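What the coordinates show
Residues per chain are reported as follows:
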Amino acid sequence: MPAQAFEIFGLKFFESENEADEDAVLDPVNYTVTLNVTPAVEGLEDELRDASTLIADEDDPVSGSLGLLSKARNDRKRLVAALYENARYDGLVDIFIEGRNIADLAPDATFTARPVPVEIRVNPGQEFQLGSVSVSANGVPMDAEKYELTPGSSAASVRILDAEAKLLRDLRNEGRPFVAITDRDVVADTKTGRLDYTLQISPGEPVPFGATFVDGAKDVDPGFIAYMAGIEPGETFSPEALERARKRLMKLDVFSSISVKEAKGQAADGTLPVQIEVGERKFNYYGFGATFSNTDGAGVSGYIGNRNLFGRAESIRLDASVSRIGASVIDTTGRETDEFDYDASLVFKKPGVLGPDSVYIGSLEVTSEHPLAYDRRAFALSNGVEYALDEQQTINVAVRAEYDEITDYLGSDSFVLGSVPITYTYDGRDEPLNPTSGIYAKLFAEPTYEFKDGTPFLKARADASTYLSLSDSNRFILAGRLAYGTIFGADLEDVPNDRRFYAGGGGSVRGYAFQSIGPYFPDVVLPGTNEDFTDTPTGGLSLFEGSLEARIGVTENIQVVPFLDFGTVGDDLVPDFSEFKLGAGVGARYLTGFGPIRVDVGIPLDPGPRDASFQIYAGIGQAF
């Protein structure tokens, strides 16, 4: 990569005049390098080695004697900067090439030895502390203690510069876009080991936002982009508001690049314009996939969509899938069937219906499925709004109409349902696909009315996950999950099978078959047979389940994850906590740029009639 210049206290270090990256080295010269730090200081030698390009590039030849001399002189600046970063302002760095100090060498000096011996000698000097500290804005003293700039504290340059950056950031957050440092005076006294520090700042006045201008939009309405940015003229300037606007526009999924920044100067009316630059992405997209299992048969799926249907980021997407092709299974009546599953959905989204932080979501769904507990054919229509309360909290409210035909061991029945599903989500994770810290919580409530029998009921569920990293490198992470749900207002037989609670499977208690945990229909003789066999779960009115994982990084990209899952389903409002099912196992994660690739092997510790000796699960992202 090209060399980069940097500044410490107004002094420029390591500035390259020629940044050309040439494949071939002219007149290659090899060298060897030694580093001597006297007197030794614990940990300092390692930091100096990390700062030295002579040491880092020792195996790569330089271009002639001039190239080696130039590299050594730049390296000396880097090493002096490393001493400053460790509060050592009277340290000495001398570099010798063939025994000659580079400070005494002419620019055209030549070296004859091969490889050329290079020696770096460092006298670290004393560790400085802050002496007098004066920070003022337009001559008015500021609270330097707030930024830990106090006499007697460490004078490390990196700490002082970090405090300066925080101070300037705080002033900008007060609505002052033109804050600037007007003078910085730093005096190191070698006799006392003190660094006197004076900083003068021109904060500027708070400025209101003005009009929003948009560049780069071709097919997306520029006025809509400005509206969705959500920056109101007259509001006080805020860097956080600019960042929120950028994230809000990114969620529209129609841009490949977005820049939201304030103008360089105020408009004639004293306001500060906002400039948005966007790059549009392709709006039409499609995809497909296929699966095969020796137990579940083959499956195909596909989707097609458009991200900007009418020019205001309206999206529409059609998904369809067919599975269990060629599979032969025992259905809920105990008979063999080769009927396949299918589902299709059409989802339309329109952002900005109730302000920039809202999106309307409408959907049509058609489903035919045959899980362990029931067979179901359904048609559903849903209309709702999702609203972001802030960057971490979201609420979704919808009105849903659904028609179901469900068959279980007792026979077939149909249901006409109207419901209002409400979901509140709090997402405080640092990373959605591979979290290492934070909390994720979801509260769900769905009041429902079944029109045929006149049965009202309420389904409620709470889920929470938390993550704790036990190392700075995130190589050891503990993760935990709990979920509790219950159904009020109706008996079990009056609640449609698909609305009941089930446990078991990859997203529940690993090791157990999907829906296999919970109450079962009693064994009876099937009509026309002499078999006393059903082994079909009924589902329940309550659920409690959870998981514990230790995500252990064995390499930079590979994790080993032992886990323990537990869960129970009851046929009353409160689950029977004495009937826990435990599943244990181990998984592997391969960390990629788009999320972890996950494989888990779970073992049921108390298997039921439908459970195998183990289950294998695969996917993208952590289990929770």
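**A closer look at the overall build of the chain**
Across its full length, the chain holds six helices and 34 strands. Taken over C-alpha atoms, the radius of gyration comes to 33 Å for the chain, far larger than the 25 Å a tight globule of 624 residues would show. Here the C-alpha coordinates of the chain stretch approximately 105 × 65 × 50 Å along the principal axes. When each of the 624 residues of the chain is scored for burial, the buried share is 41%. Considering only contacts within the chain whose residues lie at least 6 apart along the sequence, 58% involve residues at least 24 apart. Accessible area for the chain stands at about 31,900 Å²; split by element, carbon and sulfur atoms hold 54% of it. Where the 55 positive side-chain charges of the chain centre and where its 98 negative ones centre are 4 Å apart.

**What to know about the pairing of strand β26 (residues 422-427)**
In terms of strand pairing, strand β24 (residues 393-408) meets β26 through five bridges, oriented antiparallel. When the bridges of β26 are listed, Ile395 appears paired with Tyr424. Here six bridges tie β26 to strand β27 (residues 438-450), and the two strands are oriented antiparallel to one another. Counterpart to Tyr424 in the pairing with β27 is Leu443.

**Considerations on the pattern of salt bridges**
A full pass over the atoms with the stated rule returns 37 salt bridges. A salt bridge links Lys350 to Glu314; the nearest nitrogen and oxygen atoms lie 3.3 Å apart. Of the two residues, Lys350 is situated in strand β21 (residues 341-351) and Glu314 in the loop between β17 (297-306) and β18 (315-325); the sequence distance between them amounts to 36 residues. Owing to a relative accessible area of 4%, Glu314 belongs among the buried residues under this scheme. Residue Arg510 is joined to Asp600 by a salt bridge in which the shortest nitrogen-to-oxygen separation is 2.9 Å.

**What about the packing of aromatic side chains?**
Summed over all chains, the structure comprises 13 aromatic pairs. A centroid spacing of 4.9 Å and a plane angle of 40 degrees characterise the contact between Tyr84 and Tyr89, whose relative ring orientation is tilted. A relative accessible area of 13% places Tyr89 in the buried class. Note on Phe544 and Phe577: the rings are 5.4 Å apart at their centroids and 65 degrees apart in plane angle, and the pair reads as edge-to-face. With Phe544 in strand β30 (residues 542-553) and Phe577 in the loop between β31 (558-570) and β32 (581-592), this pair connects stretches of sequence that are 33 residues apart. Judged by its relative accessible area of 18%, Phe544 is buried. On the basis of relative accessible area, Phe577 is assigned to the partly exposed category, the value being 42%. Grouped by ring-pair contacts, the aromatic residues Phe544, Phe566, Phe577 and Phe580 constitute a single cluster. The aromatic ring of Tyr303 is capped on one face by Arg317, whose charged end is 4.1 Å from the ring centroid. Lys459 extends its terminal NZ or CZ atom over the ring of Phe501, reaching a point 4.9 Å from the ring centre.

**A closer look at the sheet that holds strand β13 (residues 209-215)**
With mixed pairing, the three strands of this open sheet are ordered in space as β13-β15-β14. One side of each edge strand has no neighbouring strand; the edge strands of this open sheet are β13 and β14 (255-262). Between one strand and the next, the sheet's axes are offset by a mean angle of 15 degrees, whatever the strand orientation. Strand direction decides the pairing type here: β14 and strand β15 (residues 272-280), joined by seven bridges, are antiparallel. Within β15, the residue paired with Ser259 across the bridge is Glu277. Along the sheet face, helix α6 (residues 239-250) touches β13, β14 and β15 and points at about 165 degrees away from the line of β14.

**Some details on the packing of helix α1 (residues 44-51) against helix α3 (residues 64-85)**
One way to put it is that α1 packs onto α3 with a least axis distance of 9 Å and a crossing angle of 145 degrees. Two packed elements cross with a definite hand, and for α1 against α3 that hand is right-handed. Residue-level contacts link Leu44, Leu48 and Ala51 of α1 to Asp75, Arg78, Leu79, Ala82 and Leu83 of α3. The class makeup of the residues in the contact of α1 with α3 is six nonpolar, no polar and two charged.

**Some remarks on the nonpolar core**
Core analysis: the largest hydrophobic core is formed by 49 residues, its most contacted members being Leu48, Leu54, Leu68 and Ile97. Looking at which element gives the most residues to this core, the answer is α3, with eight residues. Once residues lying within four places of it in the same chain are set aside, the contact partners of Ile97 are Leu68, Leu69, Ala72, Ile102, Phe111, Val116, Pro117 and Val118. Grouped together as the second largest cluster of nonpolar side chains are 25 residues, Phe237, Leu272, Val274 and Ile276 included.

**Considerations on the pairing of strand β33 (residues 595-604)**
Note that β32 and β33 share 10 bridges and pair antiparallel. If you follow Arg589 over to β33, its bridge partner there is Arg598. Pairing of β33 with strand β34 (residues 615-620) involves six bridges; the strand directions are antiparallel. Note on β34: the bridge partner recorded for Gly602 is Gln615.

**Description of the packing of helix α5 (residues 222-229) against α6**
Between α5 and α6, the least distance of the axes is 8 Å, while the angle of their chain directions is 125 degrees. When the axis of α5 is compared with that of α6, the two are oblique. Counted together, Ile225, Met228 and Ala229 of α5 and Ala245, Arg248 and Leu249 of α6 form the full contact between these two elements. Taken together, the residues of the contact of α5 with α6 sort by class into five nonpolar, no polar and one charged.

**Points about α1**
Buried within α1 we find Leu44, Leu48 and Ala51. Angularly, the buried residues of α1 cover 60 degrees about the axis, an arc narrow enough to put them on a single face. Looking at α1, the residues exposed on the side facing more than 90 degrees away from the buried face are Asp46 and Asp50. Check the buried side of α1 and you find it contacts β4 (31-37), α2 (53-56), α3 and β8 (116-123).

**So, the environment of Ala588**
Here Ala588 lies in strand β32. Look at Ala588 and you get partly exposed, because its relative accessible area is 38%. Put simply, Ala588 and Ala380 are 208 residues apart on the chain and 38 Å apart in space, counted from C-alpha to C-alpha. With residues up to four places along the chain from it excluded, the contact list for Ala588 reads Gln559, Ile597, Arg598, Val599 and Asp600.

**Things to note about the side chain of Asp565**
Of note, Asp565 is situated in strand β31. One polar contact links Asp565 to Arg510, side chain to side chain, over a distance of 2.7 Å. At a separation of 2.9 Å, a polar atom in the side chain of Asp565 contacts the side chain of Ser547. Excluding residues within four positions of it along the chain, Asp565 makes contact with Ser508, Val509, Arg510, Gly546, Ser547, Leu548, Lys581, Leu582 and Gly583.

**Comments concerning the sheet that holds β8**
Spatially, the four strands line up as an open sheet ordered β4-β8-β6-β7, and their pairing is mixed. Pairing within the sheet leaves two strands with one partner each, and these edge strands are β4 and β7 (100-101). Direction of pairing for strand β6 (residues 92-97) relative to β7: antiparallel, over a ladder of two bridges. Bridge pairing in β7 places Phe96 opposite Asn101.

What counts, and where the lines are drawn
Residues numbered from 1 in each chain as written. Predicted model: local features only at pLDDT ≥ 70, side-chain atom pairs only at ≥ 80, totals over all residues. Heavy atoms only, no water. Helix = DSSP H or I, 4+ residues; strand = E, 2+ residues; numbered from the N terminus. Rg over C-alpha atoms; globule rule 2.2 N^0.38 Å. Buried < 20%, exposed > 50% of the residue type's maximum accessible area, 1.4 Å probe, protein only. Contact = heavy atoms within 4.5 Å. Areas by Shrake-Rupley, 256 points an atom, 1.4 Å probe, with all protein chains shown as cover. Lys, Arg positive; Asp, Glu negative; His and termini not counted. Charge placed at Lys NZ, Arg CZ, Asp CG, Glu CD. Pairing = 2+ DSSP bridges. Salt bridge = Lys/Arg side-chain N within 4 Å of Asp/Glu carboxyl O. Phe/Tyr/Trp six-rings, centres within 6.5 Å; stacked < 30°, edge-to-face > 60°. Lys NZ or Arg CZ within 6 Å of the ring centre and 35° of its normal. Axes fitted to C-alpha atoms, helices over the stretch in contact; angles between N-to-C directions. Left-handed = near helix turned anticlockwise from the far one by under 90°. Nonpolar A, V, L, I, M, F, W, Y, C, P; charged D, E, K, R; others polar. Core = buried A, V, L, I, M, F, W, Y, C linked by side-chain atoms within 4.5 Å. Parallel < 35°, antiparallel > 145°, perpendicular 65-115°, else oblique. Arc of directions from axis to C-beta. Polar contact = N/O pair within 3.5 Å; in protein donor to acceptor, adjacent residues only side chain to side chain.

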